[in-house]
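Each chain, letter by letter, is given below.
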Amino acid sequence: MTARQELIDLIIHQESLCGRTYGTRFAFRQKSDLATQTGTLIRDISRLTDDTYTHWTPNAFLSKRTGRYQGKMYGHAEENLKLITTFVVDIDSKNDVNGHPIKPRDFYLLDKDQCAFEPTAVLSTPHGFQVYYVLKTPVYINAQKHSIRVAKKVSENLRQYLVAQGFPIDMACNHFGIARTPNSDNIAIFTPENIVDFMAWVDWSTKYDGGQKPASMGFQAVKTNIKLISQPWYKLLINAKKIAGTKGQIGRNNTLFTLALANFASGVAESQAVRVLQVVNARFDAPLNDEEVARTVKSAYSGAYTAPKRTFIRKLIHTYIDPALTDKDLFVGGVWTHFKKKREDRQRSHYAEWIADLVDFLTENCNANQLSIKLTTAQLQELLGIGRSSLAEVKKALKGHPVLKLTTVRGRFGGVVLSYTDRQSLLLLHEKQAQQKQKNATQLALFVVGVDSIVEAQEPAVNADIAGFHQVEPRAGTMRNSP
């Protein structure tokens, strides 16, 4: 068996899967196919004996969520992962950060006190290397996606460790995306005995973080009422001009994407965010075209992301603004603490959130002449996304509510009636809603009219308990960050 086939078999874990389905992998015969998404869906292991593939996804995706539509493949997204079998680190240059040539064996001569794990294989690419760390057994992804979050934290710490050793690594590259396919020409070193158990990686990652439990294992940033567009780091980036970015270095797209996420997390409308970032982009020495700016904003507002991650904010600031700036200079307050899951990820949402949904629903659909709406019980359950037992709890919680009233109508044509307690309550809520829209429009106008004036303006006092910011990584398989 050739080294290539042995390495691929090791990555696929054909033997350890014991005949179970291993999911779908995406393979491409040339790099240009990545942009057009015209490759091969690999569901049969025997097809990987073909030595003509140049790129692939070493980790497997759910077959039922992958396929081909109008000639283009779809489904290579992080939420569709089925198995994680490999960590891949992309080295974007043949030289280290000091300009010295990198040799494949350098990845085996690192400080064992900091990381005792060696690569399974090192692939030589036209402009650098790709380092494969194959897991001893595959990690199965459950419905809650906990394994993905933990594995991403391990991968991020592995990259940070290699960066600290002087290797030029694209920290913004996808963790479980597309990589170079091992073939007879690019395998520089292959050590099949170097396979490590996933929990051993988790233990190492925890120690590398100073003994702190990975944030992805149930610890996320707490949101507060402080808008991210009022943060010091935002104002520094929004006025930066000399942002370009080269291979292996985050740049204009990353900056605009981070700023767009800040707008999204601050409740700014997408159309207004596009206008703001077009002004910011125009200040760059080498601006992007307006279509690219709009695409970047659209991606930030897609719902796949929550808010900017501090890791990216620091890297942008230290690369293009001032490497001496600390977190105290960039963030107002900020602590990491346990945070509730997203509503769609929780089995039971909080009653206050359901009631708030009902208030919003009535505010949008009622007026001064119509203070109530009649729904069937099934329609109300669908509106809130809850079951009958939870709806009964909501009804109990609504007793004595100052604004909202829910009345049950019995009989064949019965259901529930949602209504305001009085006309004044409705008018008051509409007034507050209009005031908030006006406030958002005024704040955005300041950015569009004169971005420079923001830094000079005196900031009002803000709450000191602003939390850290959490960002969901770009989806696995995104073509832009592919090697």
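In this report, the structure presented in the accompanying data block is examined. Treat the numbers as computed from the prediction; the structure is a model and nothing was measured.

On to the pairing of strand β8 (residues 121-125). Counted residue by residue, β8 has 4 buried out of 5 residues, so it is predominantly covered. In terms of strand pairing, β8 meets strand β9 (residues 128-140) through 5 bridges, oriented antiparallel. Opposite Ser124, over in β9, you have Phe129 as the bridge partner. Hairpin connection, β8 to β9: the antiparallel pair is bridged by 2 residues. With 3 bridges connecting them, β8 and strand β11 (residues 187-190) associate as antiparallel partners. Looking at the pairing, Leu123 lines up with Ile187 of β11.

Moving on to the packing of aromatic side chains. Note on aromatic pairs: each is described by the distance of the centres and the angle between the planes. Under the counting rule described, the total for this entry stands at 12 aromatic pairs. Ring geometry for Phe117 against Trp201: centres 4.7 Å apart, planes inclined by 65 degrees, an arrangement best described as edge-to-face. In this pair, Phe117 sits in the loop between β7 (81-91) and β8 while Trp201 sits in helix α4 (residues 198-208), placing the two residues 84 residues apart along the sequence. For the ring pair Tyr161 and Trp204, a centre distance of 6.2 Å and an interplane angle of 80 degrees mean the geometry is edge-to-face. Of this pair, Tyr161 sits in helix α3 (residues 146-164) while Trp204 is found in helix α4, placing the two residues 43 residues apart along the sequence. An identical accessibility class is assigned to Tyr161 and Trp204; each is buried. Here a set of aromatic residues connected by ring pairs shows up, and it is made of Phe87, Phe117, Tyr133, Tyr161, Trp201, Trp204 and Tyr208. Sitting above the plane of the Phe129 ring, Lys94 keeps its charged end 4.3 Å from the centroid. Against the face of Phe331 rests Arg310, its NZ or CZ located 4.0 Å from the ring centre.

Right, let's talk about helix α7 (residues 270-283) for a bit. Over its 14 residues, α7 runs 20 Å from end to end, which matches the ideal 20 Å to within 8%, given 1.5 Å per residue. For α7, the complete set of buried residues consists of Gln272, Ala273, Val274, Val276, Leu277, Val280 and Asn281.

What follows deals with α3. With 19 residues, α3 extends 28 Å between its outermost C-alpha atoms, agreeing within 8% with the 27 Å of an ideal straight helix rising 1.5 Å per residue. Counted residue by residue, α3 has 14 buried out of 19 residues, so it is predominantly covered. Residue Gly166 follows α3 closely and has a positive phi angle near 100 degrees.

Within the largest apolar cluster, 40 residues are counted, with the highest numbers of intra-cluster contacts made by Phe87, Ile91, Phe107, Leu158, Leu162 and Trp201. Of all the secondary-structure elements, those providing two or more residues to this core are β1 (25-28), β7, β9, α3 and α4. Tallying contributions element by element places α3 first for this core, with 7 residues. Residue contacts for Phe87: discarding those within four places in its chain leaves Val131, Tyr132, Tyr133, Leu135, Ala151, Val154, Ser155, Leu158, Phe176, Phe198 and Trp201.

What follows deals with the pattern of salt bridges. By the definition in use, this model includes 8 salt bridges. Asp51 is the salt-bridge partner of Arg4, the closest N and O atoms lying 2.9 Å from each other. Separated by 47 residues along the polypeptide, Arg4 in helix α1 (residues 3-12) and Asp51 in the loop between β2 (40-42) and β3 (55-56) bring together distant segments of the chain. Of the residues examined, Arg4 reaches a relative accessible area of 6% and is grouped as buried. The class for Asp51 is partly exposed, based on a relative accessible area of 34%. Linking Asp327 and Arg314 is a salt bridge whose minimum nitrogen-to-oxygen distance equals 2.9 Å. One end of the pair, Asp327, is in helix α10 (residues 327-330); the other, Arg314, is in helix α9 (residues 310-320), and 13 residues separate them in sequence. Relative accessible area serves as the criterion here: at 25%, Arg314 is assigned to the partly exposed category. In the salt-bridge network here, residues are joined through shared partners; they are Lys153, Glu156 and Lys309.

Moving on, we get to the side chain of Asn281. For Asn281, the location among the structural elements is in helix α7. A relative accessible area of 2% places Asn281 in the buried class. With residues near it in sequence (within four places) discarded, Asn281 still touches Leu256, Pro287, Leu288 and Val293.

Let us now look at the sheet that holds β7. The sheet built from 5 strands is open, its strands ordered β4-β7-β9-β8-β11 with antiparallel pairing. Both edges of this open sheet fall to β4 (60-61) and β11, since each of them pairs with a single strand only. With 8 bridges joining them, β7 and β9 adopt antiparallel strand pairing. Each bridged residue has a counterpart across the sheet, and for Val89 the counterpart in β9 is Val131.

Cut-offs and rules
- Residues numbered from 1 in each chain as written.
- Predicted model: local features only at pLDDT ≥ 70, side-chain atom pairs only at ≥ 80, totals over all residues.
- Heavy atoms only, no water.
- Buried < 20%, exposed > 50% of the residue type's maximum accessible area, 1.4 Å probe, protein only.
- Helix = DSSP H or I, 4+ residues; strand = E, 2+ residues; numbered from the N terminus.
- Pairing = 2+ DSSP bridges.
- Phe/Tyr/Trp six-rings, centres within 6.5 Å; stacked < 30°, edge-to-face > 60°.
- Lys NZ or Arg CZ within 6 Å of the ring centre and 35° of its normal.
- Expected span 1.5 Å × (residues − 1).
- Core = buried A, V, L, I, M, F, W, Y, C linked by side-chain atoms within 4.5 Å.
- Contact = heavy atoms within 4.5 Å.
- Salt bridge = Lys/Arg side-chain N within 4 Å of Asp/Glu carboxyl O.

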